[in-house]
Amino acid sequence: TMSSPAEPPASRAPSRSPALSPAPGPSRCGGERRRNAPDAGAGLGAVQDRQLRSVDLNHVIKLLEDSDSKDLEKEQLKTLKKVVKHFENGLPLRDLAQVIKILNLCAEKTNEQEAFTEPLCELIKLCGLPFQKKKFSDEVSYSVAVSKAIAQLGYLMRVPSSQVRIQICKCVVSFYNMELPRKLLSGYQPTSANYKIQMAELGGLAETLVLSLALVENQLTEKLWVLKALQHLSSSGVNCRLMMKAQAASRLCLYLNGVDPSGQLVFRSSEILWNLLENTSKEDVVNQLSSLECVHALKEVFVDLLMHGFRHYDRQLRNDLLVIATLLAENPAAPMIESGFAKLLIVLSTFTEVKIPNPLVKGLKLTYSYEDFEMKKLLFNVIGVLSKDPCAIQLLSENDVMPALLYYVKPNQKPGFHEWSAAQYEELQLHAIAILASVAPLLVDKYLSCQANTLLLIFLEWCISQDPFFGQGNSFHGTGGSGNKLAQMRYSLRVLRSVVSLYDDAVNLNLCDQGAISQLLDILKYVANKSKEKEDAILLEIQADILFLLSALCENDLHRKELFSYEGVDILIPFIQMDPKKLYSGLGHNCLLFSALDCLWSCVIGCYIAEDYFLEKQGIFLLLDLLALKQKNLCNIILGILVEFCENPKTTSHISTWRGQKDQTAANLLIQLWRQEELELEVKRDQYGRIVDVKRPIASSFQKQQEVIPMPANCPSFAIMEVSENIRAKLYSLLCKLGFENLPGLSAKDFVTLAIIQRYIDFKVGEVWSELCAELKEEFRPVESDEEALKVISKISEDTGKMIAALQTEVLESQHHQEIQEEAETYTKIQAIHKQREMVNKSWENFLTRTSNYEALKKAKRLQEKSIEASRSKARTQNGAVHSTEIKGLGTTIGSGRLVTVESTPPQLIGGPLAVTDLALRKPSVCEGALKKIKRVKTLDPVKKGSVPLE
């Protein structure tokens, strides 16, 4: 009787691939046999060697090649049995090539002589045993021969014998479950467990078996055995690629809907398809499955399992096929709509929510098992995939997808709905709302007719309410939603964002009429307070989405901006005050800041009430603080906001008042940004920042590399396009608002750059004329008058560049002259200070001389008296008494008076009880240090410092 493949398992493991790894090794008893083999003695080894030598394989081959007489046939069969008996413990690698040749000869004889079928099967069975090697290097040495031999096993599938084909498949399966023979040959060792698997890959066995499916298409048992062998082979990436070359995916899919009471056909085919998807290019597999015949076959099998499958195993298999169908739906070339499969999946995903009878699902009733829960999620996912196909939009609209998804946009009022657990319902709810974000922009009319805006706003109000609901947060969509309603809020806002970003007037008006702006501000305030407790990516994403919604709703509508004004500005200010270090946190602070700036631009600018309140809150100062960070990605949007704000006459005073670090002014900051931008654009400047190329003073290196391309009048030239690609135009506009005169805090280098900025428009006009001249010369030759006019225009542009270059040089020379003057004044001050110090030192030395040398004191006294006498008037007073002003016997050179101050050496220099004072802590001057080297002079007056009355 013919063997049949093993029955399919009652249930499947979570893993898509079966456990196909080879056996870990021989059993313990086998190991004992191997250890005991040498103990059998040399006699046994000699016997085995004689047995190996007793069969002459060349003689067998020659015998089989002879003519087919009846007597010779018996001899041949007898010899084949002897060969089988001889190699019952395994084929040596050195004999494998001859044995395979014998196999091929037997296969040829089997076509006409059935008697050779049994020995052929026995020989094939020997190939399933471990090959025997004498040396460790034999595996490498015989690798080519072995790989060819194993490939020949696949070619033997041509033999029209069910028994032979099944035995070949059993042999292949045995590669993955290797068992040692009962006896081991002396001097030989079995090859490694993975050796045959590797040789099968090298020989391309998997590709041959896939092609052999066409031979067993109508024989179910043989087909199942081939699939079983392919199932094992498909665990390898190499084999999967070989199978794909033979169109394995499409061949297997076409067999899915074949008749098979055991269910193995679908099971094994789906397992192989999964292995192909995992081990090869997913796109290649999907492309092979994208024929109409394959999609029909997949649909029929899926429907059969859906309607009639009742076992756990059937539901798992159904879900596996649904995943494959989802992958097909992602391929626009797959005929999912033409085959009706897409409509079936859409109806399946919505029939439990909309309760509308449909013949496609008549009699179908889903349970609330885990497999049906998984299928529900997979069906939602299919809707998301189909929403990317424009051809499927009509199907989504006709089959009530919008009401079905909106069914889940409602507060969770009890632990479980219907028969789903609370965690399962929450997962379905979040998944449905996430899919709604993809579907809603495609079905705007359905969205409005179902009052989706109202449902979402009510749902969002519940999200910030005090309702004691706590999310499970178990699923992918529930990330960050454990113990709160943030996950529900996050995906609801995504839905609103997807429809509001369409800028559809009907949708936005419907939202605003229901008080969406005020409600969104309340939600933003709630989430901002939550974020103060603990910042995470979910909270930052929610805040960014709300700011985007407000921007889209308020843009170009003055009334909505007024609704935003006061409360909105108060909420925006903290976002603009964000710590710059957070921008690199990776949580999404940078996205949040950009959303806040976009909201400022859309919701505040253009509304004088909001603008004035923003100015009152010192918002311009905050923007300039951000601009001072000089971050490339921030500068463009901040400068744009500032330019727009300058339409408000109060703004320029705020900009002029601002001071940054080191008392930096706004004008200085803007000029620094200009220089930074030109450095990145590689505009030619000398070391002082002056113009180098007077013909094209502001052209970037990339702009100069562009060839002249004639363009129609409605297409902007490169010089015009360049204006929007950098920030120089915005910097020019801002400085125009501030004025180019009397700007504070600028250096000479800043004035050099400012001269270029002031002429930005003139230079840009010159660039456009230059492009125009070049285009004209490419197309035709201008008439003499036009050519003269073009030359004049070009000369004017060049003269402007020369004039600015000369002005820059003049500024630098003036600065240089001023620096020289300041240097001279500084040196004059230094000289005066030194002269003063010399005079003080000389005076001090004279003082010391007079106080330490009595003769010097008398000399000084005489000089003083002569000076006094010389200063007196020579005219004598007639008839008047003359009173002398001198005091006889006075030994001082200071002026006479009723009080005299006597100075002596400071106490901290000579020690004593008065030295321990605060004054003693001061570092002594040069003069005070010099006093330490002078012997103290004993004075007549014992008082160190005091006032003495003169009688």
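Look above for the structure.
None of these values were measured; they are calculated from a predicted model.

Novice: Lay out the overall build of the protein chain in plain terms, naming residues and giving numbers.
Specialist: Broken down by element type, the protein chain carries 45 helices and 4 strands. Here the protein chain holds 951 residues, and 46% of them are scored as buried. Nonlocal contacts in the protein chain, meaning residues at least 24 apart in sequence, comprise 77% of its contacts between residues at least 6 apart. About 50,600 Å² of surface is accessible on the protein chain, with carbon and sulfur atoms providing 53% of the total.

Novice: Tell me what's going on with unusual backbone geometry, and back it up with residues and numbers.
Specialist: Despite not being glycine, Asp400 has its phi angle at roughly 55 degrees, a positive value. Its place among the elements puts Asp400 in the loop between α21 (393–398) and α22 (401–406). Since its relative accessible area comes to 19%, Asp400 is described here as buried. Within the chain, Asn556 stands out as a residue other than glycine whose phi angle is a positive 65 degrees. Checked against the element boundaries, Asn556 lands in the loop between α29 (537–554) and α30 (558–576).

Novice: Please set out helix α36 (residues 666–681) residue by residue, giving values where relevant.
Specialist: Along its 16 residues, α36 runs 23 Å from first to last C-alpha, staying within 8% of the 22 Å computed at 1.5 Å per residue. Within α36, burial applies to Ala666, Ala667, Asn668, Leu669, Leu670, Ile671, Leu673, Trp674, Glu677, Glu678 and Leu681.

Novice: Hey, could you go over the packing of α29 against α30 for me, with residue numbers and the actual values?
Specialist: The N-to-C vectors of α29 and α30 enclose an angle of 150 degrees; their axes lie 12 Å apart at closest approach. Here α29 is positioned roughly antiparallel relative to α30, judged by the angle of their axes. Where α29 crosses over α30, the two elements pack in a sense that is left-handed. Here Gln543, Leu547, Leu550, Leu553 and Cys554 of α29 come into contact with α30, specifically with Arg560, Lys561, Phe564, Leu572 and Phe575.

Novice: Account for the side chain of Asn726, with residues named and values stated.
Specialist: Positionally, Asn726 belongs in the loop between α38 (718–724) and α39 (728–738). A distance of 2.6 Å separates a polar atom in the side chain of Asn726 from a polar atom in the side chain of Glu722. Reaching out from Asn726, the side chain makes a polar contact with the backbone nitrogen of Arg728 at a distance of 3.1 Å. The contacts of Asn726, once residues within four sequence positions are left out, are Glu677 and Leu681.

Novice: So what's going on with a nonpolar patch on the surface? Which residues, and what values?
Specialist: On the surface, a cluster of nonpolar side chains totalling about 310 Å² of accessible area is made up of Ile761, Val765, Trp769 and Leu772. Take Val765: it is sitting in helix α41 (residues 760–779). A relative accessible area of 41% places Val765 in the partly exposed class.

Novice: Could you give an account of the packing of aromatic side chains, naming the residues involved and the relevant values?
Specialist: In the structure shown here, the tally under the stated rule is 13 aromatic pairs. Aromatic side chains Tyr408 and Tyr425 sit 5.8 Å apart centroid to centroid with 35 degrees between the ring planes, which places their arrangement in the tilted category. Of this pair, Tyr408 sits in the loop between α22 and α23 (422–439) while Tyr425 sits in helix α23; the two residues are 17 residues apart in sequence, bridging distant segments of the chain. You'll find Tyr408 and Tyr425 in the same group, each marked buried. Here Phe614 and Phe645 contribute two aromatic rings whose centre-to-centre distance is 5.2 Å and whose plane-to-plane angle is 20 degrees, an arrangement assigned as stacked. Residue Phe614 is located in helix α32 (residues 608–616), and its partner Phe645 is located in helix α34 (residues 632–645); the two are separated by 31 residues in the primary sequence. Classification of Phe614 by relative accessible area gives buried; the value is 0%. Taken together, Phe380, Tyr407, Tyr408 and Tyr425 form an aromatic cluster joined through their ring pairs. Seen from the ring of Tyr255, Lys223 lies directly overhead, with NZ or CZ sitting 4.7 Å from the centre. Taking NZ or CZ as reference, Lys485 lies 4.9 Å from the ring centre of Trp462, over its face.

Novice: Go over the pattern of salt bridges with me, naming the residues and quoting the values.
Specialist: Considering all chains together, one arrives at 31 salt bridges under this definition. Among the ionic pairs, Asp570 bridges to Lys617, the shortest N-O distance being 3.8 Å. A residue pair is termed long-range when its members are at least 10 positions apart, and Asp570 in helix α30 and Lys617 in the loop between α32 and α33 (619–627) qualify at 47 residues. Assessed through its relative accessible area of 36%, Asp570 is described here as partly exposed. The exposure class of Lys617 is partly exposed, given its relative accessible area of 37%.

Conventions we followed
- Residues numbered from 1 in each chain as written.
- Predicted model: local features only at pLDDT ≥ 70, side-chain atom pairs only at ≥ 80, totals over all residues.
- Heavy atoms only, no water.
- Helix = DSSP H or I, 4+ residues; strand = E, 2+ residues; numbered from the N terminus.
- Buried < 20%, exposed > 50% of the residue type's maximum accessible area, 1.4 Å probe, protein only.
- Contact = heavy atoms within 4.5 Å.
- Areas by Shrake-Rupley, 256 points an atom, 1.4 Å probe, with all protein chains shown as cover.
- Expected span 1.5 Å × (residues − 1).
- Axes fitted to C-alpha atoms, helices over the stretch in contact; angles between N-to-C directions.
- Parallel < 35°, antiparallel > 145°, perpendicular 65-115°, else oblique.
- Left-handed = near helix turned anticlockwise from the far one by under 90°.
- Polar contact = N/O pair within 3.5 Å; in protein donor to acceptor, adjacent residues only side chain to side chain.
- Patch = residues over 30% accessible without salt bridge, like charges linked within 9 Å, V, L, I, M, F, W, Y side chains within 5 Å.
- Salt bridge = Lys/Arg side-chain N within 4 Å of Asp/Glu carboxyl O.
- Phe/Tyr/Trp six-rings, centres within 6.5 Å; stacked < 30°, edge-to-face > 60°.
- Lys NZ or Arg CZ within 6 Å of the ring centre and 35° of its normal.

Interpretation note: all reported values are geometric properties and have no functional meaning in isolation.
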